[in-house]
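Observations on the model geometry
These are the residues of each chain, in order.
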Amino acid sequence: MAAQSPLIDIPLFPLSSVLFPGGQLQLRIFEPRYLDLVRECTRHGTGFGVCLILEGHEAGAPAVPAAIGTIARINDFHSGEDGLLGITAEGGSRFRVARSRVRADGLVRGDAEVWPAEPELVVPVEFALLQSILERLIETMAPHWRHAPRSSYDDASWLGFRLTELLPLDKVQQQHMLELTDPLLRLAELRDILPRFQKP
């Protein structure tokens, strides 16, 4: 059996959405515990863990997060018209929380095992339709990906993660796709559920 990666201590940000590796995340921060989180991450150049909320809500009492999430790294921040801090972050490595704890201020921290990046696999010809669908989705829904290099569409992981972000999947399905570790299996499952999105 392969040795497990050492656990790292990271602050967790439970959200009602799923962040994928390479994905973009925009947040407005107003709770003191998350302002502290942003300060910690910017001071030390570290990331925070984004996990889908299984029980509870984004604000208020600490929510119950999924064990598998994605590390987000802040790459920009600004002050909004409402005076709230806005941040933009990008998804990096996935992780699994081995144990978590809630600080007195309500911030959840986790001891997490960081997953290695998926192997770079060229998209097989049988999934060429998915490449065309993603191009159309990006044109209408995600213009920030418009200038992605053509080589990105040939990367099975990138293709699968971007499709999972843009197709109308529910949060449970998105979390399932995040947790898969085989990029070709993810593409196969996405291909198989496509018919349900086609208009009769």
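Residues numbered from 1 in each chain as written. Predicted model: local features only at pLDDT ≥ 70, side-chain atom pairs only at ≥ 80, totals over all residues. Heavy atoms only, no water.

Further remarks concern the side chain of Arg109. Here Arg109 shows up in strand E7 (residues 108-114). At 3.2 Å, the side chain of Arg109 and the side chain of Asp9 are in polar contact. Engagement of the side chain of Arg109 in a polar contact is seen with the side chain of Glu40, the distance being 3.1 Å. With residues near it in sequence (within four places) discarded, Arg109 still touches Asp9, Ile10, Pro11, Leu12, Glu40, Arg99, Ser100, Arg101 and Arg103. (Helix = DSSP H or I, 4+ residues; strand = E, 2+ residues; numbered from the N terminus. Polar contact = N/O pair within 3.5 Å; in protein donor to acceptor, adjacent residues only side chain to side chain. Contact = heavy atoms within 4.5 Å.)

Packed helix pairs are specified by the crossing angle of their axes together with the interaxial distance, meaning the distance between the axes. Two elements in contact, helix H4 (residues 156-166) and helix H6 (residues 183-193), have axes whose closest approach is 9 Å; the angle formed by their N-to-C orientations is 40°. The orientation of H4 relative to H6 falls into the category oblique. Considering only the axes of H4 and H6, their crossing is left-handed. Here Ala156, Ser157, Leu159, Gly160, Phe161, Leu163 and Thr164 of H4 lie close against H6, whose contacting residues are Pro183, Leu184, Arg186, Leu187 and Leu190. Looking at the contact of H4 with H6, its residues break down into eight nonpolar, three polar and one charged. (Axes fitted to C-alpha atoms, helices over the stretch in contact; angles between N-to-C directions. Parallel < 35°, antiparallel > 145°, perpendicular 65-115°, else oblique. Left-handed = near helix turned anticlockwise from the far one by under 90°. Nonpolar A, V, L, I, M, F, W, Y, C, P; charged D, E, K, R; others polar.)

A word on the packing of helix H2 (residues 128-141) against H4. Two elements in contact, H2 and H4, have axes whose closest approach is 10 Å; the angle formed by their N-to-C orientations is 50°. When the axis of H2 is compared with that of H4, the two are oblique. In terms of crossing hand, the pair formed by H2 and H4 is left-handed. Here Leu130, Gln131, Ile133, Leu134, Leu137, Ile138 and Met141 of H2 lie close against H4, whose contacting residues are Trp158, Leu159, Arg162, Leu163 and Leu166.

Of all hydrophobic cores here, the largest spans 25 residues; its most connected members are Leu134, Leu163, Leu187 and Leu190. For this core, the secondary structure elements donating two or more residues are H2, H4 and H6. Excluding anything up to four places from it in sequence, Leu134 contacts Tyr153, Trp158, Leu159, Arg162, Leu163 and Leu166. (Core = buried A, V, L, I, M, F, W, Y, C linked by side-chain atoms within 4.5 Å. Buried < 20%, exposed > 50% of the residue type's maximum accessible area, 1.4 Å probe, protein only.)

Right, let's get into the environment of Leu84. As for its placement among the helices and strands, Leu84 is situated in the loop between strand E5 (68-79) and strand E6 (85-102). What makes Leu84 partly exposed here is its relative accessible area of 24%. For the pair Leu84 and Phe13, spaced 71 residues apart in the sequence, the C-alpha separation amounts to 17 Å. Beyond its immediate stretch of four places on either side in the chain, Leu84 contacts Arg28, Ile29, Phe30, His78 and Ser79.

Sheet analysis places strand E1 (residues 7-15) next to E7, joined by six bridges and oriented antiparallel. For Pro11, the partnering residue across the bridge sits in E7 and is Arg109. Bridge count for E1 against strand E3 (residues 48-55) is four bridges, and the pairing is parallel. Counted as the bridge partner of Pro14 is Cys51 from E3. (Pairing = 2+ DSSP bridges.)

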